[in-house]
Number of protein chains: 4
Amino acid sequence: MIFASDNWAGAHPAVAAGLTAEASSFSSAYGSSDLDRQVVDRFSILFEREVAVFFVGTGTAANALALTSVNRPGGVSFVHRDAHLAADEAGASEYFTGGARLCQVDGPMGKMDPAGLEAAIARYPAQFVHAGRPMAISVTQTTESGTVHSLDELDRIGSIARQNAIPLHMDGARFANALVALETTPADMTWRRGVDILSFGGTKNGCWCAEAVVLFDPERAQEFAFVQKRAAQLFSKSRFIAAQFAAYFRDDLWLENARHANAMAARLADHVRRSRRARLGWEPEANEVFPVLPKQLSSELKAAGVAFYDWPSVDWIEKKPNPDETLCRFVTSFATTADEVDRFGELIA
Amino acid sequence: MIFASDNWAGAHPAVAAGLTAEASSFSSAYGSSDLDRQVVDRFSILFEREVAVFFVGTGTAANALALTSVNRPGGVSFVHRDAHLAADEAGASEYFTGGARLCQVDGPMGKMDPAGLEAAIARYPAQFVHAGRPMAISVTQTTESGTVHSLDELDRIGSIARQNAIPLHMDGARFANALVALETTPADMTWRRGVDILSFGGTKNGCWCAEAVVLFDPERAQEFAFVQKRAAQLFSKSRFIAAQFAAYFRDDLWLENARHANAMAARLADHVRRSRRARLGWEPEANEVFPVLPKQLSSELKAAGVAFYDWPSVDWIEKKPNPDETLCRFVTSFATTADEVDRFGELIA
Amino acid sequence: MIFASDNWAGAHPAVAAGLTAEASSFSSAYGSSDLDRQVVDRFSILFEREVAVFFVGTGTAANALALTSVNRPGGVSFVHRDAHLAADEAGASEYFTGGARLCQVDGPMGKMDPAGLEAAIARYPAQFVHAGRPMAISVTQTTESGTVHSLDELDRIGSIARQNAIPLHMDGARFANALVALETTPADMTWRRGVDILSFGGTKNGCWCAEAVVLFDPERAQEFAFVQKRAAQLFSKSRFIAAQFAAYFRDDLWLENARHANAMAARLADHVRRSRRARLGWEPEANEVFPVLPKQLSSELKAAGVAFYDWPSVDWIEKKPNPDETLCRFVTSFATTADEVDRFGELIA
Amino acid sequence: MIFASDNWAGAHPAVAAGLTAEASSFSSAYGSSDLDRQVVDRFSILFEREVAVFFVGTGTAANALALTSVNRPGGVSFVHRDAHLAADEAGASEYFTGGARLCQVDGPMGKMDPAGLEAAIARYPAQFVHAGRPMAISVTQTTESGTVHSLDELDRIGSIARQNAIPLHMDGARFANALVALETTPADMTWRRGVDILSFGGTKNGCWCAEAVVLFDPERAQEFAFVQKRAAQLFSKSRFIAAQFAAYFRDDLWLENARHANAMAARLADHVRRSRRARLGWEPEANEVFPVLPKQLSSELKAAGVAFYDWPSVDWIEKKPNPDETLCRFVTSFATTADEVDRFGELIA
């Protein structure tokens, strides 16, 4: 019963097969193969406009290079306090940008409070050298709290970005999970909302190692090519990432995987709702569930082989919780089975 | 007839199979899985001492992080002018170190001239702040000219490093090819020669994406963990690299692959020697052959579908070559077939 | 009536004279002159132990290089949210460290709340690569709110630093003002409280351009020399800074200047206390006064030629102030006259 | 008899007086004072066009920030192998740019060989990510060999810069010495030759600490303001630099100082020419003389209190010099006296 993270799963069989199918052929290196190009074209079709796409190895790399591509002296990026790039990437964005600051913005359930975002930006007037100046806004979709920004919420952030002439980045490590939760399209969830750069994640949703930076302004591609290469993120056998994405998109596998993961999360949440010992910290919206468990139950579950993390989020701590309880995070994936979820359900019944 | 680079090959079937075998299991992330640990242990056995090992995505990353791990203010690293990290990595080492300089040292056939190396180091007295100070020596084995440093040559460089108290890095993107060429052991080719940090490459020799930084002083592991994570090189599904290495080492596949590649290069060189139209620029020692071709022949070969690069190395240019001729690079790999080589032989006969 | 900042003043006549006295002589460059050495020795006497001292050009440089000297991958420094290096240096510390993060800690009146500091540090466990790891604590003395940490308060922070094995930096841009306010000694206000590195400011207190980084562990001097030189902060005519410090320390001019500035602030505060139209936001402790003024009065004062800044500090905003009032900052210096202060007093009477 | 460097001199009395005159006044900080503005305007008049000017503390800072202002991912700057920023600044330019490389170009007497420069640029095709790409050319005027580029030579470099669309920087640490040597105007020696950015030095020619970055495209000023501030080079009492420049330019003091220094160098060279024991390594063109001395004479001179440096330049070493001789550097300044030079002449007669 593995609910620790969606990155504890392996790879979808179709992704593994797609990769194996590439093993025996030769192809030109560093992203110039036919397969690389085909997959880039596929992105343009998916997003309903010409995009520039760069394959990278990790979500951290995607985020850090996205910010690096809009880097400027004194730059400040605005992100939610729980955003992965603020909380879990060891300062990679600050490092790759050579010191551009992440300004953390508060807000419940993993979403920046729009008024708080505007106030934060206002503290960095564009011409006032002493403070630094705005460089980017980064929004996480699906959020680190397992919630999903509505299109209206994204519009609000996009509007703030445009009004302040700040590029808008989306960390889409769990892009597909949000997309199917909203039942919308990639274009509607990104550039139509004002997103300029997207970290498009495949790793958590059925790939082994497939992340991409998507630039909605393809004219910035040439510059980004140097950003990527200098950062050691141009893979010689780039097509091994392309092959994963090819399988990922074929027959909408990516959407199917995400729907499955979300359904498993909903099923797990149902078990929590029905439990007399546990309850939901908040409603799940994609593939992450945050139950409140008595510490006793948490220990029992771990002893029984259920893998999950305690997750003392600020949202939770601010409620001054009962010290005998703990907030936990359960993540489902394409590889989670209903049986596994139901066995967990029995343990907390 | 693909001789453009060993990174144009796909993956060895055993590597692909090893990867696929991991697809259906769950495992903890970020390098903490059992498989990750087993492969790290395997490195210690291979190198006959406890080593710290970090998996990264590209050879450029391995080199850049190796230098970053010994970085210091005003640092200068000494490398051959043709070294991959000086010539082909878009300044990644300078970028990751925040500006530590690469001082290029001359020398024929891809090898730093030892006296030139000593003279270069002497221009940076350790206490003279104006110039900067020595930080690392980096030696490439197999060199970018397809030659292999003898153990004595490595000893000489190791001795210079020790005398100057400078860490010694080895770029082993083609480590296996050199190893089998010298018929020596990993330990004898590295730390017994004074190497402190190794970029250990698997990608060019049968993997898709498997590179490792090997620290011969395992006490530096904790520090390196932050160097790696901050640089976006800690893969969540790290075991997909570990699985490649596991297959790579099993039954000495890696040595077999390298022997095959070297044998194919020798076979190709034989064809060149026998040709009336071509000749060898110099003797190949591993899996790269540098023939001198009439430009006319070069064009014919390309038209006939032979993939290779013109390679106007300094060694070649310094000889003031005949302008009707061109130096070319042909690289063989685990996937090169004797038939392919022989067909090329017929074309130049 | 200039109360905008202590850096609007010129130079004390003795400092100007000391500088002029150096004009006609020759001397070796880059910090190696006799005068440089004498002033360094003077610092050791002042601080009652051997210290290493490096002259730099700006307070921002002093702070940024101090943090750079303890920089490490994934490093996080803990500073008050209003600290000059967090709020007013355009990200210089992040830039010079190549991306080490500043974690802002809250607390009233310019002082980090000790419990909040401990909680912030606890979010960065030393071995957890994902978050980053503690690198430095920086405390500002005099604070940006014009308050002064008591020796006990400094002890508390020093104790937290030691318990967590984190170097402690003090931003002493207004060091002298705090020192005379506490009627203590340089040693008692620094290394005896656990301070490892000090930004020692002279510019705001009577010099033109005289800042120094003081390392209480002189063994770190050699390393710092490269930190300084690489950062373009080794002045060829370094002695022009030394000459300022020589005059600054002679006959305790620096203490006299600070006492005068503090006395002028107290006098100004008295005028505010007596005014029917203004009141003190909080009690001044050194050379900065923060009155609450009706906006109407603020406008009148500016029209009358009084120079000062509106200063909407978080402390003030959190109190949800009357929108017709504004918090303002008045700074006095060695050059402020009692007459000037009294003329201001008449304006607000 | 101090000929070690022009930065061993103090300050011209007029500069010291100008500084002292500023001591007793108040003025707004961070470059916004009337005096700052007046001096900036003076630069525009001097250069016969509107320029943006930023005062910085050291020549190293001027050079490093100039390159930083044209920085880009994978950037490579082309400089003479002896250029101060390549040889004597501890890697500051690489550091401030976050790793942009300096590519050293050879050429006799401190001047890049134009064909060599073109060849070096050609190794970095603008779209080839593996090598990096051209970012700047930096030319030193007066060179580190004491020679002066003619206007034609500058035109040739400017032409290469324009043809390759690369910004051209001039390191003018000894700008005035070259200017009076050529008997030309600031405009003719800079932007009319294609120079885009100038490091304008005053320190070596009579100031204590007065360096400026001059941007010939003033539209880049806003961006540069952040480059400067982030790099800790925005001085709070910026006017103390402005005051030096004001005195420096008044009544053409700067030209007079440079003419004097050059004349003293010519006088010193005459003594060398007349000496039976010494000879000139090459003809001096500004304020630096490079005599070849028997080592015995060099020792005698040092014992007699003559300060100068041995200067084993590549130009000299390449000639395989007599091991009993040494090349030395003698630098004159505004403060050098004819008497001092003549006393030296007697010692070598």
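Overview of the structure. The structure presented is a predicted model; accordingly, all values stated were derived computationally and were not measured.

A few words now on the sheet that holds strand S7 (residues 211-215) of chain A. Residue and element names in this part refer to chain A. Across the sheet, seven strands lie side by side as S1-S7-S6-S5-S4-S2-S3; this open sheet has mixed pairing. Looking at the sheet topology across the chains shown, the edges are occupied by strand S1 (52-56) and strand S3 (101-105). Between one strand axis and the next, the sheet turns through 25° on average, direction left out of account. Taken together, the five bridges between strand S2 (residues 75-80) and strand S4 (residues 133-140) define a ladder with parallel strand orientation. Residue pairing for S4: Val79 is matched across the bridge by Ser138.

All names here are of chain C. Counting buried positions over the 11 residues of helix H11 (residues 239-249) gives 11, a clear majority of the element. Considered for burial, the residues of H11 that qualify are Arg239, Phe240, Ile241, Ala242, Ala243, Gln244, Phe245, Ala246, Ala247, Tyr248 and Phe249. Of the residues flanking the end of H11, it is Asp251, one or two places downstream, whose phi is positive at about 55°.

Another point: a negative patch on the surface. Taken together, the side chains of Glu50, Asp196, Asp217 and Glu219 of chain A make up a negatively charged region of the molecular surface. Relative to the elements of secondary structure, Glu219 of chain A occurs in the loop between S7 and helix H10 (221-230).

This brings us to the interface of chain A and chain B. Interface extent is often summarised as the accessible area lost during association of the parts. With 50 residues of chain A in contact, the opposing surface of chain B contributes 50 residues. Both sides together, the interface formed by chain A and chain B hides about 4100 Å², and carbon and sulfur atoms give 63% of it. Connecting chain A to chain B are zero salt bridges. Taken together, chain A and chain B are joined by 23 residue pairs in polar contact (both at pLDDT 80 or more). Listing elements by their share of the side of chain A that touches chain B, those giving two or more residues are helix H1 (13-22), helix H3 (59-68), helix H5 (92-96), H10 and helix H11 (239-249) of chain A. In terms of residue class, the side of chain A that touches chain B is built from 24 nonpolar, 18 polar and eight charged.

The next point concerns the packing of aromatic side chains. When we look at a pair of aromatic rings, we describe it by the centre distance and by the angle of the planes. Within the structure shown, the criterion is met by 122 aromatic pairs over all chains. Here Phe200 of chain D and Tyr248 of chain D contribute two aromatic rings whose centre-to-centre distance is 6.5 Å and whose plane-to-plane angle is 85°, an arrangement assigned as edge-to-face. Within this pair, whereas Phe200 of chain D is found in strand S6 (residues 197-201), its partner Tyr248 of chain D is found in helix H11 (residues 239-249), the two being separated by 48 residues in sequence. The exposure class assigned to Phe200 of chain D is buried, which follows from its relative accessible area of 0%. Judged by its relative accessible area of 0%, Tyr248 of chain D falls in the buried class. When the ring of Tyr248 of chain D is compared with that of Trp254 of chain D, the centres are 6.0 Å apart and the planes differ by 45°; the resulting orientation is tilted. The exposure class assigned to Trp254 of chain D is buried, which follows from its relative accessible area of 1%. Through pairs of rings, three or more aromatic residues link up here, namely Phe43, Phe47, Phe55, Phe175, Phe200, Phe216, Phe245, Tyr248, Phe249 and Trp254 of chain A. Above the ring of Trp311 of chain C, the side-chain terminus of Arg329 of chain C is found at 4.1 Å from the ring centroid.

Quick notes on the rules
Residues numbered from 1 in each chain as written. Chains lettered and ligands numbered in written order. Predicted model: local features only at pLDDT ≥ 70, side-chain atom pairs only at ≥ 80, totals over all residues. Heavy atoms only, no water. Pairing = 2+ DSSP bridges. Helix = DSSP H or I, 4+ residues; strand = E, 2+ residues; numbered from the N terminus. Axes fitted to C-alpha atoms, helices over the stretch in contact; angles between N-to-C directions. Buried < 20%, exposed > 50% of the residue type's maximum accessible area, 1.4 Å probe, protein only. Patch = residues over 30% accessible without salt bridge, like charges linked within 9 Å, V, L, I, M, F, W, Y side chains within 5 Å. Areas by Shrake-Rupley, 256 points an atom, 1.4 Å probe, with all protein chains shown as cover. Salt bridge = Lys/Arg side-chain N within 4 Å of Asp/Glu carboxyl O. Lys, Arg positive; Asp, Glu negative; His and termini not counted. Charge placed at Lys NZ, Arg CZ, Asp CG, Glu CD. Contact = heavy atoms within 4.5 Å. Buried area = accessible area lost by both parts, 1.4 Å probe. Polar contact = N/O pair within 3.5 Å; in protein donor to acceptor, adjacent residues only side chain to side chain. Nonpolar A, V, L, I, M, F, W, Y, C, P; charged D, E, K, R; others polar. Phe/Tyr/Trp six-rings, centres within 6.5 Å; stacked < 30°, edge-to-face > 60°. Lys NZ or Arg CZ within 6 Å of the ring centre and 35° of its normal.

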